[in-house]
Amino acid sequence: MKQLAIVSGKGGTGKTTLTAAFAALADNAVMADCDVDAADLHLILAPEIGERHSFAGGLTATIDSEACVICGQCREMCRFDAIDETFTVDAAACEGCGVCYDVCPAGAVTLTNEVAGEWYVSSTRFGPMVHAALNVAQENSGKLVAQVRQRAREIAEADGRELIIIDGSPGIGCPVISSLTGVDAVLVCTEPTLSGQHDLERVLELAAHFDVPALVCVNKADLAPDMTEAIVAHSEEKGARFVGTIPYDETVVAAMIAARALSEHEPSPAREAVEEIWRTVRQILNGEA
Amino acid sequence: MIVSIASGKGGTGKTTVAINLLRVAPGEAVYADCDVEEPNGRLFLRPEIAGEYTCTVPLPVVDYTKCTFCGRCREACRFNAIAVLPKSVMIFQELCHGCGACVMACPERAISERERPIGKVSHGTSGNAGFVEGLLNVGEAMSPPVIRQVRRHVGRDGLVLIDAPPGTSCPVIAAVNNTDFCLLVTEPTPFGLHDLKLAVAMVRALGLPHAVAINRAGLGDRGVHDYCAAEGIEILAEIPNDRRIAEAYAHGRTAVEELPELRPLFEKLLRAIGERIAARGAA
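Cut-offs applied
- Residues numbered from 1 in each chain as written.
- Chains lettered and ligands numbered in written order.
- Predicted model: local features only at pLDDT ≥ 70, side-chain atom pairs only at ≥ 80, totals over all residues.
- Helix = DSSP H or I, 4+ residues; strand = E, 2+ residues; numbered from the N terminus.
- Buried ≥ 20, exposed ≤ 12 C-beta atoms within 10 Å, placed from the backbone.
- Contact = placed C-beta atoms within 7 Å.
- Core = buried A, V, L, I, M, F, W, Y, C linked by C-beta atoms within 7 Å.
- Nonpolar A, V, L, I, M, F, W, Y, C, P; charged D, E, K, R; others polar.
- Pairing = 2+ DSSP bridges.
- Axes fitted to C-alpha atoms, helices over the stretch in contact; angles between N-to-C directions.
- Domains from an automatic or database assignment.
- pLDDT = per-residue confidence, 0-100.
- Expected span 1.5 Å × (residues − 1).
- Arc of directions from axis to C-beta.

**Some thoughts on the overall build of chain A**
Then, number 1: Each helix and strand counted, chain A has ten helices and nine strands in total.
Then, number 2: Structurally, chain A occupies a C-alpha span of about 70 × 40 × 35 Å along its principal axes.
Then, number 3: Relative to its full complement of 289 residues, chain A shows a buried share of 56%.

Written as structure tokens, this is what we have:
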């Protein structure tokens, strides 16, 4: 069983469009939406939820103003500036470390463990899908990603599925690290802009840091052909494999509005390009190229 | 006044909006790049860097001449970042939040802290404007400490434009929490709308005044407009879907400098934000 993660560094370059198209093209895959912060894959894959699990988040402190003796120790010891001068906890700033609870001489602090999100096992027209929704203003998204990936692996093993396709999130922080560690290849979908190039570079460094083979494709390549050329040359220098370009094509948005994967939608230049990239990626994963 | 620019979905145009607002700002203004995983403002603003410094988080260090392996530090750590073995104490630095609970819990005072670098903050100027940027080291998982350092660096004087990271979880919260106004940039597509709803839920949970700017207006469908109308969220600007803007962006050029006819759009947007903050202050 192989695992392919699709990431981008910069957001909005076409990760989910690519993942959805690959889901439609693969015949024996499990899909894992690991962009748990802003998951969009379900908008195209229309999963029917089979299992629903809650995900426990970190702790949050509250201070009982009746019991509080206004000694100020919690404010002094909190390193996250989460307690204001009225001894009210800013839940968004609180990291749940419990230092305030530990120092309070009056027992005025309570720590509560909240539900941070949910994760689901679903069926789609392309096969099983594991996905999640993190509640707003929550942390631990890396942990939730790990949970989604673990379940996707269990399903793949139980069902004899050959491939797990992971839709990653933008950036290079905790959810991205959690999405790409231990995969067989990471496909970076970028765009021909200075920002795209800069962000690609940092993701390629991240992939190298975790020893994951990297593949690169450029979306909307014809928007700035000079930048596309520079990105291709640069990726190969960094040891990544270039696997193709996708032209700017308004069909991509039309397919999204129709809630169809690009490869299910009417023939278009972008669809053809994505299918070509899929063939290349599959050959690489199977060790045939 | 501090204006944060966020989005939910990535790649909708946060940086585009932030740098163009900076370029039309009449008075003292600072651009603060809080997308520390992938900061891009520098590519457009080409700042002269006056200085930079390392951003660190505290990491516990155990003095084995004092440690009795009692396990209190492990019990105190709510992040499961400490394992106590018969003859050693393991600290998992990627799980450590640097809260200091273990230091407080140790009855032998065997735990001290060293500063572990996780990124850096650069500051300087771009034209008349100030520039501050946070950069997370590659391989580091936790960006909020770097974001908080950028926030401390810029303070609250003049106009501060905060370029936030995408998403709705802890890095975004660190960037937008306690700002005076949060502008949500979206694109008029189903993905843009879905992630806008998440971003709206986030700013509502934080109690932040907010409004929407639509980028690439004319692309996609009317879903974002219908949603904003139904929810009573103002749309303060619509930036047209124009290939020339995309090409300027691709090469690191600012839209209002390349296409001066766009200036009034961003001037009006900045004024509208200022009016909403002022009205709130008066109320």
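**A few points about the overall build of chain B**
Then, number 1: If you tally the helices and strands in chain B, you get eleven helices and eleven strands.
Then, number 2: With respect to the three principal axes, the spread of C-alpha positions in chain B is 70 × 45 × 40 Å.
Then, number 3: Each of the 283 residues in chain B was classed as buried or not, and the buried ones make up 52%.
Then, number 4: Partitioning the contacts of chain B with sequence separation of at least 6, the portion at a separation of at least 24 is 74%.

**Topic: the nonpolar core**
Then, number 1: Residues A:Ala23, A:Ile165, A:Val188 and B:Leu161 are the most contacted members of the largest nonpolar core, which totals 158 residues.
Then, number 2: Counting residues per element, this core draws most heavily on helix H7 (residues 190–206) of chain B, at nine residues.
Then, number 3: Each residue touching A:Ile165, except ones within four places of it in the same chain, is listed here: A:Leu4, A:Thr19, A:Phe22, A:Ala23, A:Ala26, A:Ala29, A:Met31 and A:Ala32.
Then, number 4: Of all hydrophobic cores here, the second largest spans 31 residues; its members include A:Ile63, A:Cys100, B:Ala76 and B:Ala81.

**Observations regarding the interface of chain B and chain A**
Then, number 1: The interface of chain B with chain A comprises 53 residues on the first partner and 52 residues on the second.
Then, number 2: At the level of elements, helix H4 (101–105), helix H6 (170–176), H7 and helix H9 (243–250) of chain B are the ones that each hand at least two residues to the side of chain B that touches chain A.
Then, number 3: The dominant element in the side of chain B that touches chain A, judged by the number of residues it contributes, is H7(B), at nine residues.
Then, number 4: Classifying every residue of the side of chain B that touches chain A gives 26 nonpolar, 20 polar and seven charged.

**Regarding the sheet that holds strand S3 (residues 48–63) of chain A**
Residue and element names in this part refer to chain A.
Then, number 1: Taken together, nine strands build an open sheet; the order of strands is S3-S4-S5-S2-S6-S1-S7-S8-S9 and the sheet is mixed. Of all strands in the sheet, those with a lone pairing partner are S3 and strand S9 (241–245), marking the two edges. On average, each strand axis in the sheet is tilted by 20° relative to the strand beside it, whichever way the strands run.
Then, number 2: On the sheet, helix H1 (residues 15–25) packs against strand S1 (2–7), strand S2 (29–33), strand S6 (163–167) and strand S7 (185–190) and is oriented at approximately 160° with respect to S6.

**Structural notes on H9(B)**
Then, number 1: Considered for burial, the residues of H9(B) that qualify are B:Ile245, B:Ala248, B:Tyr249 and B:Ala250.
Then, number 2: In this structure, the buried side of H9(B) is in contact with helix H7 (194–209) and helix H8 (225–237) of chain A together with helix H1 (14–24) and helix H10 (255–258) of chain B.
Then, number 3: Immediately beyond the C-terminal end of H9(B), within one or two residues, lies B:Gly252, with a positive phi of roughly 75°.

**Examining the domain arrangement of chain B**
Then, number 1: According to the domain assignment, chain B consists of domain 1 (2–55 + 118–282) and domain 2 (64–109).
Then, number 2: Between domain 1 of chain B and domain 2 of chain B, the C-alpha centre-to-centre distance is 39 Å.

**Digging into the domain arrangement of chain A**
Then, number 1: Segmenting chain A into domains produces domain 1 (2–46 + 125–285) and domain 2 (58–115).
Then, number 2: The straight-line distance from the C-alpha centre of domain 1 of chain A to that of domain 2 of chain A is 40 Å.

**A word on the confidence of the model for chain B**
Then, number 1: Of all residues in chain B, 100% attain a pLDDT of 70 or more, and the chain-wide mean is 96.
Then, number 2: As scored by the predictor, the complex reaches a pTM of 0.94 and an ipTM of 0.93.

**Things to note about unusual backbone geometry**
All names here are of chain B.
Then, number 1: Unlike most non-glycine residues, Phe 69 shows phi in positive territory, near 60°.
Then, number 2: Examined against the element boundaries, Phe 69 turns out to sit in the loop between strand S3 (48–62) and helix H3 (72–76).
Then, number 3: Using a count of 16 C-beta atoms within 10 Å as the deciding quantity, one classes Phe 69 as partly exposed.
Then, number 4: One non-glycine residue, Arg 109, lies in the positive phi region at around 50°.
Then, number 5: Secondary-structure assignment places Arg 109 in the loop between H4 and strand S6 (111–126).

**Quick word on the pairing of strand S8 (residues 159–163) of chain B**
Residue and element names in this part refer to chain B.
Then, number 1: Burial analysis of S8 places five of its five residues in the buried class, the great majority of the element.
Then, number 2: The alternating pattern of S8 places Leu 159, Leu 161 and Asp 163 and Val 160 and Ile 162 on opposite faces, both of which are buried.
Then, number 3: Summarising the sheet, strand S1 (residues 2–6) and S8 pair through four bridges and their orientation is parallel. Looking at the pairing, Ile 2 lines up with Val 160 of S8.
Then, number 4: Relative to S8, strand S2 (residues 29–33) is paired through five bridges, and the arrangement is parallel. Bridging across to S8, Ala 32 finds its partner in Ile 162.

**Points about the sheet that holds strand S7 (residues 129–136) of chain B**
Residues and elements named next belong to chain B.
Then, number 1: Across the sheet, which stays open at both edges, the nine strands sit in the order S3-S6-S7-S2-S8-S1-S9-S10-S11 with mixed pairing between neighbours. Where the open sheet ends on each side, the last strands, each with one partner, are S3 and strand S11 (235–240). Mean inter-strand twist for the sheet, computed between neighbouring axes without regard to direction, equals 20°.
Then, number 2: Bridging between strand S10 (residues 210–217) and S11 involves four bridges; their strand directions are parallel. Bridge pairing in S11 links Ile 214 to Glu 238.
Then, number 3: Sheet contacts for H1: S1, S2, S7, S8, strand S9 (181–186) and S10; angle to S8, the most-contacted strand, approximately 165°.
Then, number 4: Each of S1, S9, S10 and S11 is contacted by helix H11 (residues 263–282), which is oriented at about 165° to S11, the strand it contacts most.

**Comments concerning helix H10 (residues 269–285) of chain A**
Residue and element names in this part refer to chain A.
Then, number 1: In a regular helix each residue adds 1.5 Å, so 17 residues correspond to 24 Å; H10 covers 24 Å between its end C-alpha atoms and thus fits that length.
Then, number 2: Of all the residues in H10, the buried ones are Ala 270, Arg 271, Ala 273, Val 274, Ile 277 and Val 281. Looking straight down H10, one finds its buried side chains confined to an arc of 160°; they lie on one side.
Then, number 3: Count one or two residues on from H10 and you reach Gly 287, which has phi positive near 70°.

**Focus: the environment of B:Met90**
Residue and element names in this part refer to chain B.
Then, number 1: For Met 90, the position within the fold is in strand S5 (residues 89–91).
Then, number 2: Look at Met 90 and you get exposed, because 11 C-beta atoms sit within 10 Å.
Then, number 3: If sequence neighbours within four positions are ignored, Met 90 has contacts with Ala 83 and Leu 85.

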